[in-house]
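Chain and residue survey
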Amino acid sequence: MTWLDRLERRLGFLGIPGLIRIVVGFNALVFMLVRLNADFRFALDLDPGRIRHGEIWRLVTYIFLPQTDSFLWIVLFLWFLWFIGQGLEQAWGAFRLTLYFFVGMIGTTIAAFFFGARFSNSMLYASLFYAFARFYPDQVIYLFFILPVKIKWVAWVSGAFLIFGFVVGSTSYRMALIAALSNYLIFFGPEIIYEARHRSEVAMRRKRYVRQSRSEAEPLHKCAVCGATELSDPNLDFRVARDGEEYCMAHLPRAESAVQGRGD
């Protein structure tokens, strides 16, 4: 990802350390405000029509809208978001995480404006989760505080639902989904394509090797009658008869034995 390296050298100062912690804090604040006044939610959501009429703060404030009214679930969600943010910042650094987050915001906004999809911040947070799963696939979490499961399996199941929606959804939904997950596709798409090609090449080389090589345990000679081989009895001699089959000397057809005898 050399383009990221060049970009970071030039614009690295724009990275926001602790960005996800800031997002978590604003999510908690907005959750409390929405609990006090449920209508407050409609002043912050991503509404393209209202944005066109000058309510430009919605381009940012929709990020902080909670997806639940439950205290328990918001605490769990924000804790998990904090956990993901910490892991991604350690793996990427502040600049790349900031860039990834803002590219996701732009993609979500494009989805809302051009494809008529009212995506919430859920797709943006999903893209963070998928990025975390790329870096830490074997990280174990406990579903419902009981069932241990690796992050990669949760990501695969979640991704399967997205793929299903992509297949059965309308064209506008498909385009909107691609736009909303553009950050993941930009950052990880080339790597995924390379890995798929590499696995295919390795599989082809392995098959070719198996075809061209012979196992040490595989015999060169085998009697068509008794099944004896040079591995089962190193003292046996084998001959190929006129019928094209190979026989040990004890089971060589009589005509072949006679010819062999006269030859001797």
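In the block above lies the structure referred to throughout.
Bear in mind the structure is a predicted one, so any value in this text is a computation, not a measurement. (Residues numbered from 1 in each chain as written. Predicted model: local features only at pLDDT ≥ 70, side-chain atom pairs only at ≥ 80, totals over all residues. Heavy atoms only, no water.)

A word on the overall build of the protein chain
Looking only at helices and strands, the protein chain has eleven helices and four strands in total. The proportion of buried residues among the 264 residues of the protein chain is 35%. Contacts spanning at least 24 positions in sequence make up 61% of the contacts within the protein chain whose residues lie at least 6 apart. Summed over all atoms, the accessible surface of the protein chain reaches about 16,800 Å², with 64% contributed by carbon and sulfur. (Helix = DSSP H or I, 4+ residues; strand = E, 2+ residues; numbered from the N terminus. Buried < 20%, exposed > 50% of the residue type's maximum accessible area, 1.4 Å probe, protein only. Contact = heavy atoms within 4.5 Å. Areas by Shrake-Rupley, 256 points an atom, 1.4 Å probe, with all protein chains shown as cover.)

Overview of the side chain of Ser-182
Considering the arrangement of structural elements, one finds Ser-182 in helix 10 (residues 182-212). Setting aside residues no more than four positions away along its own chain, Ser-182 makes contact with Val-103 and Gly-107.

With respect to the packing of helix 2 (residues 19-36) against helix 6 (residues 94-114)
In the contact formed by helix 2 and helix 6, the axes pass within 10 Å of each other and the chain directions differ by 45°. Relative to helix 6, the element helix 2 is oriented oblique. Within the contact between the two elements, helix 2 uses Leu-19, Ile-20 and Val-23 and helix 6 uses Leu-97, Thr-98 and Phe-101. The residue inventory of the contact of helix 2 with helix 6, partitioned by class, reads five nonpolar, one polar and no charged. (Axes fitted to C-alpha atoms, helices over the stretch in contact; angles between N-to-C directions. Parallel < 35°, antiparallel > 145°, perpendicular 65-115°, else oblique. Nonpolar A, V, L, I, M, F, W, Y, C, P; charged D, E, K, R; others polar.)

A few points about the pairing of strand 2 (residues 147-150)
Looking at chain direction, strand 1 (residues 140-143) and strand 2 are connected through four bridges and run antiparallel. In the strand pairing of strand 2, Tyr-142 is matched with Pro-148. Where strand 1 folds back onto strand 2 in an antiparallel hairpin, the turn is made up of three residues, including Phe-144, whose phi is positive at roughly 55°. (Pairing = 2+ DSSP bridges.)

Focus on the nonpolar core
If you look at the biggest cluster of nonpolar residues, it comprises 47 residues, and the most contacted ones within it are Ile-63, Phe-101 and Leu-128. Within the residue set of this core, elements represented by two or more residues are helix 2, helix 5 (71-92), helix 6, helix 7 (122-135), helix 8 (151-168), helix 9 (171-180) and helix 10. With ten residues, the top contributor of residues to this core is helix 7. The next biggest cluster of nonpolar side chains, apart from the first, holds six residues, and it includes Ala-241, Tyr-247, Cys-248 and Leu-252. (Core = buried A, V, L, I, M, F, W, Y, C linked by side-chain atoms within 4.5 Å.)

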